[in-house]
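Close look at the chain arrangement
As a plain string of letters, each chain reads:
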Amino acid sequence: MADIQIPVLGDPDQREIPSLIPGAMAGSKPYVAQPPHQEPLGFPGELVPDWQEKALGRMGDLLSKYRSLQVYMDICVKCGACTDKCHYFLGTGDPKNMPVARQDLFRSVYRRYFTPAGKMLGAVGLGGLIGAKEFTKDLLDEWFNYFHQCSQCRRCSVFCPYGIDTAEVSMAAREIMDSIGYGQKYCNEIIGKVHKIGNNLGLPGPALIDNLEGLEEDMKDETGQDVRFPIDEEGAEVLLVTPSADFFAEPHVLGLIGYAKVFHGAGISWTLSTKATEAGNFGMFIGNYEQMRKIAMRIREAAIELKVKRIVFGECGHAWRVAYSFLTTLVGPWDFLDPRYPVPQHILEVTNGLIKKGGIKLDKSGNDKMVLTVHDSCNVARASRMGDFPGGQFVIPREVIKSCVPKFVDMHPDTTHEKTFCCGGGGGLLTDELMDIRVKGAKPRMEALKDVVDNQGVTHMASMCAICKAQFTKVLPYYGYDREMVVSVHQLVSNAIILGNND
Amino acid sequence: MAYECNGKTIEADEEGFLVNISDWNEQLAELIAKDEGVPMSPEHWEVINFLRDYYAEYQIAPAVRVLTKAIAKKMGPEKGSNKYLYELFPYGPGKQACKIAGLPKPTGCV
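Residues numbered from 1 in each chain as written. Chains lettered and ligands numbered in written order. Predicted model: local features only at pLDDT ≥ 70, side-chain atom pairs only at ≥ 80, totals over all residues.

1. Remarks on the overall build of chain B
Here is the rule we go by: The helix count covers DSSP runs of H or I at least four residues long, the strand count covers runs of E at least two residues long, and both are numbered beginning at the N terminus. We take the radius of gyration over the C-alpha atoms and set the globule estimate at 2.2 Å times the residue count to the 0.38 power. The exposure label follows from counting other C-beta atoms within 10 Å of a residue's C-beta, where the C-beta atoms are placed from the backbone and the thresholds are 20 or more for buried and 12 or fewer for exposed, leaving partly exposed in between. Any two residues are considered in contact once their C-beta atoms, placed from the backbone, lie within 7 Å.
Counting its regular elements, chain B contains five helices and two strands. When the helices and strands of chain B are listed from N to C terminus, the series reads β-β-α-α-α-α-α. Taking 110 residues into account, the globule formula puts the C-alpha radius of gyration at 13 Å, and chain B, at 13 Å, falls close to it. With the C-alpha coordinates aligned to their principal axes, the bounding extent of chain B is approximately 40 × 25 × 25 Å. Sorting the 110 residues of chain B into buried and exposed places 38% on the buried side. In chain B, of all internal contacts separated by at least 6 residues, the share reaching a separation of at least 24 is 48%.

2. Overview of the packing of helix H5 (residues 99-114) of chain A against helix H9 (residues 166-179) of chain A
All names here are of chain A. Short version of the rule: Structural elements are reduced to axes, namely lines fitted to C-alpha atoms, with helices fitted over the stretch in contact, and the angle between N-to-C directions of any two is expressed from 0 to 180 degrees. For a crossing to be left-handed, the near helix must be turned anticlockwise from the far one by less than a right angle; the clockwise case is right-handed. Gly falls in the polar group here, along with every residue not listed as nonpolar (Ala, Val, Leu, Ile, Met, Phe, Trp, Tyr, Cys, Pro) or charged (Asp, Glu, Lys, Arg).
In the contact formed by H5 and H9, the axes pass within 10 Å of each other and the chain directions differ by 35 degrees. With respect to the hand of their crossing, H5 and H9 are arranged in left-handed fashion. For the pair formed by H5 and H9, the contact residues are Pro99, Arg102, Gln103 and Phe106 on the first element and Thr166, Val169, Ser170, Ala172 and Ala173 on the second. Partitioned by chemical class, the residues of the contact of H5 with H9 number five nonpolar, three polar and one charged.

3. Considerations on the pairing of strand S8 (residues 460-463) of chain A
All names here are of chain A. Our working definition: Two strands qualify as a pair provided that DSSP identifies no fewer than 2 bridges between them. We call a crossover right-handed when, viewed with the strands running away from us, the connection from the first strand over the helix to the second turns clockwise.
Neither face of S8 is open: one carries His460 and Ala462, the other Met461 and Ser463, and all of them are buried. In this structure, S8 lies alongside strand S9 (residues 486-488), joined through three bridges in parallel fashion. Directly across from Ala462, in S9, lies its bridge partner Val487. In the classification by handedness, the crossover that spans S8, the intervening helix H20 (residues 466-475) and the parallel S9 is right-handed.

4. Focus: the sheet that holds strand S4 (residues 345-346) of chain A
All names here are of chain A. Ordered in space as S2-S1-S3-S4, the four strands form an open sheet in which the pairing is parallel. Each edge of the open sheet carries a strand with a single partner, namely strand S2 (270-271) and S4. Sheet analysis places strand S1 (residues 238-241) next to S2, joined by two bridges and oriented parallel. Its bridge partner being in S2, Leu239 is matched across the sheet by Thr271.

5. Re the sheet that holds strand S7 (residues 407-408) of chain A
All names here are of chain A. Overall, parallel pairing links the four strands, which are arranged S7-S6-S8-S9 in an open sheet. Looking along the sheet, the strands with just one partner apiece sit at the ends: S7 and S9. As defined by bridge partners, strand S6 (residues 371-375) adjoins S7 across two bridges and the pair is classed as parallel. Bridging from a neighbouring strand, Val371 pairs with Lys407 of S7.

6. A short note on the domain arrangement of chain B
To keep things clear, this is the line we draw: Here the limits of each domain have been adopted from an automatic or database domain assignment.
Once the domains are mapped, chain B shows domain 1 (2-36) and domain 2 (42-100). Computed from C-alpha atoms alone, the centre-to-centre distance between domain 1 of chain B and domain 2 of chain B is 19 Å.

7. Some thoughts on the interface of chain B and chain A
Counting residues at the interface gives 16 residues for chain B and 28 residues for chain A. Take the side of chain B that touches chain A: its biggest share by element is four residues, from helix H3 (residues 64-75) of chain B. Of the residues that constitute the side of chain B that touches chain A, the class distribution is eight nonpolar, four polar and four charged.

8. As for the domain arrangement of chain A
Residue and element names in this part refer to chain A. For chain A, the assigned domains are domain 1 (12-190) and domain 2 (197-409 + 458-498). Averaged C-alpha coordinates put domain 1 and domain 2 at centres separated by 32 Å. Each side of the interface is counted separately: domain 1 has 13 residues, and domain 2 has 10 residues. It is H9 that provides the largest number of residues to the side of domain 1 that touches domain 2, a total of five residues.

9. Notes on H9 of chain A
Residue and element names in this part refer to chain A. Definition in use: Here the expected length of a helix is defined as 1.5 Å per residue gap, with one fewer gap than residues.
Helix length check: H9, at 14 residues, gives a terminal C-alpha distance of 20 Å against a target of 20 Å (1.5 Å per residue), a fit within 8%. Extensive coverage of H9 is indicated by the burial of 13 of its 14 residues. Where H9 terminates, the next one or two residues include Gly181, which has phi positive at roughly 85 degrees.

10. Let's talk about the environment of Ala236 of chain A
Residues and elements named next belong to chain A. Within the fold, Ala236 resides in the loop between helix H11 (205-223) and S1. Distance in space between the C-alpha atoms of Ala236 and Ile268 is 8.6 Å, their sequence separation being 32 residues. Not counting the four nearest positions on each side in its chain, Ala236 is found in contact with Pro230, Ser269, Trp270, Thr271, Leu306 and Val308.

11. What about helix H14 (residues 317-331) of chain A?
Under the convention used in this document: Axes are fitted to the seven residues ending at a residue and to the seven starting at it; the angle between these axes is taken as the bend at that residue.
By the largest-angle criterion, Ser325 of chain A marks the main kink of H14 of chain A, which is about 60 degrees. Taken residue by residue, H14 of chain A has Gly317, His318, Ala319, Trp320, Arg321, Val322, Ala323, Tyr324, Leu327 and Leu330 of chain A as its buried positions.

12. Quick word on the nonpolar core
In a soluble, globular protein the nonpolar side chains are often hidden away together inside. How we decide: Remark: nonpolar core denotes a set of buried Ala, Val, Leu, Ile, Met, Phe, Trp, Tyr and Cys residues whose joining runs through C-beta atoms within 7 Å.
One finds Leu239, Phe248, Phe313, Ile401 and Leu492 of chain A together with Leu51 of chain B to be the most contacted residues of the largest nonpolar core, which totals 177 residues. It is helix H12 (residues 252-266) of chain A that contributes the most residues to this core, eight residues altogether. Sequence-distant contacts of Phe248 of chain A, that is, excluding residues within four places in its chain, are made with Leu201 and Leu203 of chain A together with Ala63, Val64, Pro106 and Val110 of chain B.

13. A closer look at unusual backbone geometry
For residues that are not glycine, phi is negative in most cases, and the peptide bond is trans in most cases. Residue and element names in this part refer to chain A. With omega at 5 degrees, the peptide bond leading from Glu250 into Pro251 counts as cis. Note that Pro251 resides in the loop between S1 and H12. Residue Pro344 is bonded to the preceding Val343 through a cis peptide linkage, with omega at -15 degrees. With respect to the helices and strands, Pro344 occurs in the loop between H14 and S4. Phi at Asp232 is positive, roughly 55 degrees, even though this residue is not glycine. Checked against the element boundaries, Asp232 lands in the loop between H11 and S1. Judged by the 15 C-beta atoms lying within 10 Å of it, Asp232 is partly exposed.

Shown next, in the form of structure tokens:
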């Protein structure tokens, strides 16, 4: 904890643009994936000798496959609107963490090898005149460092007048690096575990079943009710797919308990699956479509095998992006599910619907003395929706929280809804060797949190994403707050729900 | 990286987690704990021993809740909390205690 310089928090209403500190984060990089992490995913074990040629070949493939990437390369006018919008820039002052500069690491190679002017001028050493650069090993190393200082949260794209999505550029860069044997250990090791064991955590079936039995015992002790945590129950109405962290970590598991109580209270039959024990899909973080599809396929297989009628996702930000935006094209069609329900559904949609129809009953005194705010998770906020109306992804979580707690306060409007800041640990950065950038990247969120703590008495911040929960648990103490200040949204539901005969 | 223990070189990954779980012994645990700045007490050993027993059965470290319940049973209800575990292992009961116990690091969104 000692060697990380913790940013000073200011007023979110007068957010300062930091003075530039060139190279401040030049040394920040994740561990490089080793052959045992790379090879099971079909990537070369280590950096291949002809990496430059291979990387340019892959870049060419991606430019023709994703027209958006080609447009992003050509359309930037360097207006500067994005420069002060990235949490990692705001927390570090490193100019290469300005989204435009991050894109330019990629764009300079594109210009050199894929534009007529770049090819001509580059050949005589004058590529610099048009922002073209030779793809050297030094530049590749810069890619590795700075494309792993982007959490793919897409806040910058909200402010870009052309809608350039830096996340897509960073995904493409990571995909290219994987294809030449220069992957990131954290993401690739985890994807390997999904293929081998079934989830990001590496939690085997028997351990999961033991956990769930323990939770059923706890529920009996706490509520006197038989709140169940069913697994592999064929014919259940709902298949719940949730991040494996929900089985393991705090406060995640308190959210899982909340989902179970909601299903119990509403009398909905549900099941988990030992096959689909992970909602998360790190295939997206590394920009690899095949991995993303393969990971998503387990959910389809589980739904068919268990003959469920609905699929519901637990609290996980990027899982919901993949589910909401891509699930049908990845592994659809879903014609075997009940057409009366959206495919897939978010647990917050289910819970909110039940609250409104009186299907479950809540008592706010279960969360007595708590004053809540909410952290909009980036992938939920900017890459998906909930409900059947625009902005449902903001309204529905707030409605659920407000139904459960005595007082709710929103944070500064420049840090919520579509302008929400990343927690600082998204996009495959939730790994210990990146703690420095994670702590600094949390600065804008911490600033907005401090504001409502100091001025409105906020005691807790609710989150609807496993990564956000884990990240805040780790970084809150750096800023002088208790790690248990971050709570799952369904933890609040769990505390408030009235179970049993309450007619 | 590697640990030097009893004249033997024990291989570990970048973060100090053992490459081969079978290399673990109690002396090595003391050594890793020293590197981590964790002064091993009988309470620490209770946690480490539970982690190792659980791992032997399930091939994964126990969930935080499973661990706190087990500790409460052995050491009294007032110690069955996440807070107490963080007092013992400031970098987190999951990761730091696993390292000392010679177990692989829990990965994912934890």
